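Results of the structural survey
One-letter residues, chain by chain:
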Amino acid sequence: MTVAIDGPAGCGKSTIAKLIAKRLGFYFLNTGSFYRAVTYAHLQKGLDPRDRESVLKTASSITITVDHGNICIDGVDVEDKLHGPDVDLNASYVSSDPRVREIITDRVRTIASDMDIVTEGRDTTTVIFPDAEYKFYFDASSTVRAERRIKQHPEGQTFEEVLRLIEQRDENDRNKEVGALKRAKDAVYIDTSYLTIEQVCEKVVSVMGKDFA
Ligand code: DC
């Protein structure tokens with residue numbers, strides 16, 4: 001079984017997807033981490049994330065796996081390297097090449113093929129798992145998302161900087177040629193701006209309730 005959640009950065013998908021996965025005993029798969037891994041590997045080589053040909057080479061030359069929920073590149077756990085501001089911003093350039101998306105989509109599907117999963121990202125309900133049994137689209141205002149981001153990572157950036165980055169990422173994510181962030185017609189829409197984590201979880205579980213009562 002596949003439960004897929006899409007939505008913009010900071011709408012609460014990761015937090016909720018993890019909790020739902022735990023509650024159901026399913027595997028949690030964060031698809032954004034795969035793009036982050038390619039971005040990190042590319043930046044480590046000192047290369048430009050806007051140069052599509054070299055990004056494609058990086059994406060084709062590394063093997064991404066998941067070990068106990070942590071992302072590994074060629075067997076090395078890089079999970080704690082994937083959430084700095086450099087990776088944050090540049091992952092949206094890396095993920096804008098359809099050829100890179102194809103590599104990641106194949107990889108994610110292969111990893112998920114024999115598991116019950118709760119997955120989240122930008123195109124999990126539309127491209128990666130269009131036949132998912134349950135689909136959700138989460139949303140939240142950009143100011144609420146910036147506030148959440150500051151709470152999670154208070155070090156360094158001002159509210160205005162975080163807000164600007166979020167709006168820039170939204171713009172990049174919505175304007176991709178392939179895999180752009182959009183709401184699937186059959187996804188349940190939840191605005192998480194003024195809901196607690198527990199309230200969002202309850203809404204998700206109530207949609208799935210008939211099968212998991
Ligand atoms: O969800 P996140 O912020 O960790 O995602 C990192 C980047 O990857 C972000 O720029 C959006 C992109 N992404 C994507 O294009 N498709 C997905 N399914 C997941 C993430």
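Below: a short report on this structure. (Residues numbered from 1 in each chain as written. Predicted model: local features only at pLDDT ≥ 70, side-chain atom pairs only at ≥ 80, totals over all residues. Heavy atoms only, no water.)

Moving on, we come to the site of the ligand. Around the ligand sit 14 residues, and of these Arg36, Arg101, Arg122, Asp123 and Arg169 come closest. A distance of 2.6 Å separates an oxygen atom of the ligand from a polar side-chain atom of arginine 169. Between the ligand and the protein, one listed contact pairs an oxygen atom with a side-chain N or O atom of aspartate 173 at 3.4 Å. Bound to the protein, the ligand loses 96% of the 440 Å² it would expose on its own. When contributions to the shell around the ligand are tallied by element, the ones reaching two or more residues are α2 (32-44), α4 (85-94) and α8 (159-174). (Near = heavy atom within 4 Å. Polar contact = N/O pair within 3.5 Å; in protein donor to acceptor, adjacent residues only side chain to side chain. Areas by Shrake-Rupley, 256 points an atom, 1.4 Å probe, with all protein chains shown as cover. Helix = DSSP H or I, 4+ residues; strand = E, 2+ residues; numbered from the N terminus.)

Two elements in contact, α2 and α4, have axes whose closest approach is 8 Å; the angle formed by their N-to-C orientations is 105°. When the interaxial angle is binned, α2 and α4 end up roughly perpendicular. Residues Tyr35, Arg36, Val38, Thr39, Tyr40 and Leu43 of α2 touch α4, and the partners they reach there are Asp86, Val87, Asp88, Asn90, Ala91 and Val94. Across the contact of α2 with α4, the residue classes break down as seven nonpolar, two polar and three charged. (Axes fitted to C-alpha atoms, helices over the stretch in contact; angles between N-to-C directions. Parallel < 35°, antiparallel > 145°, perpendicular 65-115°, else oblique. Contact = heavy atoms within 4.5 Å. Nonpolar A, V, L, I, M, F, W, Y, C, P; charged D, E, K, R; others polar.)

Before going further, it helps to examine the sheet that holds strand β3 (residues 64-67). Taken together, three strands build an open sheet; the order of strands is β3-β4-β5 and the sheet is antiparallel. A strand with exactly one partner marks an edge of an open sheet, and here the two such strands are β3 and β5 (76-77). Relative to β5, strand β4 (residues 70-73) runs antiparallel, the two being bridged by two bridges. Looking at β5, one finds that cysteine 72 is bridged to aspartate 77. On the sheet, α2 packs against β3 and β4 and is oriented at approximately 35° with respect to β4. (Pairing = 2+ DSSP bridges.)

Enumeration over the complete set of coordinates arrives at one aromatic pair. Aromatic side chains tyrosine 137 and tyrosine 189 sit 6.0 Å apart centroid to centroid with 10° between the ring planes, which places their arrangement in the stacked category. In this pair, tyrosine 137 is assigned in strand β7 (residues 134-139) and tyrosine 189 in strand β8 (residues 188-191), connecting sequence segments 52 residues apart. On the basis of relative accessibility, which here comes to 5%, the residue tyrosine 137 falls in the buried class. (Phe/Tyr/Trp six-rings, centres within 6.5 Å; stacked < 30°, edge-to-face > 60°. Buried < 20%, exposed > 50% of the residue type's maximum accessible area, 1.4 Å probe, protein only.)

Attention shifts here to the environment of glycine 12. Examined against the element boundaries, glycine 12 turns out to sit in the loop between β1 (2-6) and α1 (13-24). When the C-alpha positions of glycine 12 and isoleucine 197 are compared, they lie 7.9 Å apart, and in sequence the two are 185 residues distant. Apart from the residues within four sequence positions on either side, glycine 12 is in contact with Phe138 and Arg148.

As enumerated under the stated definition, the model contains zero disulfides in all. With no disulfide partner, cysteine 11 has as its closest neighbouring cysteine sulfur the one in cysteine 201, 13 Å distant. (Disulfide = S-S within 2.5 Å.)

Before going further, it helps to examine the sheet that holds β8. Ordered by their spatial adjacency, five strands build an open sheet running β2-β6-β1-β7-β8, and the pairing between neighbours is parallel. Of all the strands in the sheet, the pair left with one neighbour each is β2 (27-30) and β8. With direction set aside, neighbouring strand axes in the sheet form an average angle of 20°. Sheet topology places β2 next to strand β6 (residues 117-121); four bridges connect them, and they run parallel. Within the sheet, the bridge partner assigned to asparagine 30 lies in β6 and is glutamate 120.

This next bit is on the nonpolar core. Generally speaking, soluble globular proteins have nonpolar side chains that are buried together. Among the nonpolar cores identified, the biggest contains 28 residues, and Phe34, Val38, Ile64, Val100 and Ile104 are the most heavily contacted of them. Put simply, the parts of the chain that give this core at least two residues each are α2, α3 (52-61), β4, α4 and α5 (98-112). The dominant element in this core, judged by the number of residues it contributes, is α2, at six residues. If near-sequence neighbours (up to four positions away) are discounted, phenylalanine 34 is found in contact with Leu29, Ile64, Val66, Ile71, Ile104, Arg107, Val108 and Ile111. (Core = buried A, V, L, I, M, F, W, Y, C linked by side-chain atoms within 4.5 Å.)

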